[in-house]
Amino acid sequence: VQLVESGGGLVQPGGSLRLACAASGFTASRYLMRWYRQAPGKERELVAHITSAEGRTHYADSVKGRFTISRDNAKNTVYLQMNSLKPEDTAVYYCKAWGIEYWGQGTQVTVSS
């Protein structure tokens, strides 16, 4: 089992980034997939999830209307489109499959002018 997050970087406030989470060793479409983030000195928090069968999505209030989670089953990949980024979105972002105890290395997102 492996999850590899990518797409992070430095972006100005108001900008956009698209994160990708490439899964291997299991079929991500069969799992509820989640994006989390952890800012320095803070606990890891759930940002969004997408269910397996119906693709229903859920977002933390802090990102609702700005972030969109999606999946490409053919690529075994989950995405997080982040728009209207704010400095408080700065964190390391991780993806995780519900029920699989594995964390990837994460990808750093820094929102700063």
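Residues numbered from 1 in each chain as written. Predicted model: local features only at pLDDT ≥ 70, side-chain atom pairs only at ≥ 80, totals over all residues. Heavy atoms only, no water.

(A) Broad picture of the overall build of the chain. Helix and strand content of the chain: zero helices and 10 strands. Counting helices and strands in the order they occur from the N terminus, the chain gives β-β-β-β-β-β-β-β-β-β. At 13 Å, the chain has a C-alpha radius of gyration in line with the 13 Å of a compact globule built from 113 residues. Projected onto the principal axes, the alpha-carbon positions of the chain cover approximately 40 × 25 × 25 Å. Taken across its 113 residues, the chain has 43% of its residues classed as buried. (Helix = DSSP H or I, 4+ residues; strand = E, 2+ residues; numbered from the N terminus. Rg over C-alpha atoms; globule rule 2.2 N^0.38 Å. Buried < 20%, exposed > 50% of the residue type's maximum accessible area, 1.4 Å probe, protein only.)

(B) Up close: the pairing of strand β8 (residues 77–82). Here β8 lies mainly inside the structure; five of its six residues are buried. Where strand β3 (residues 17–24) meets β8, six bridges bridge the pair, whose relative direction is antiparallel. The residue of β8 that forms the bridge with Ala20 is Tyr79. Direction of pairing for strand β7 (residues 67–72) relative to β8: antiparallel, over a ladder of six bridges. Looking at the pairing, Ile69 lines up with Leu80 of β8. Where β7 folds back on β8, the antiparallel hairpin that results is connected by four residues, among which Asn76 adopts a positive phi of roughly 55°. (Pairing = 2+ DSSP bridges.)

(C) The sheet that holds strand β4 (residues 33–38), seen in detail. Strand order in the open sheet formed by six strands is β2-β10-β9-β4-β5-β6, with mixed pairing between adjacent strands. The sheet terminates laterally at β2 (9–11) and β6 (57–59), the two strands that pair on one side only. Going from strand to strand, the sheet's axes swing by 25° on average, the running direction of each strand aside. With three bridges joining them, β2 and strand β10 (residues 107–111) adopt parallel strand pairing. Bridging from a neighbouring strand, Val11 pairs with Val111 of β10. (Axes fitted to C-alpha atoms, helices over the stretch in contact; angles between N-to-C directions.)

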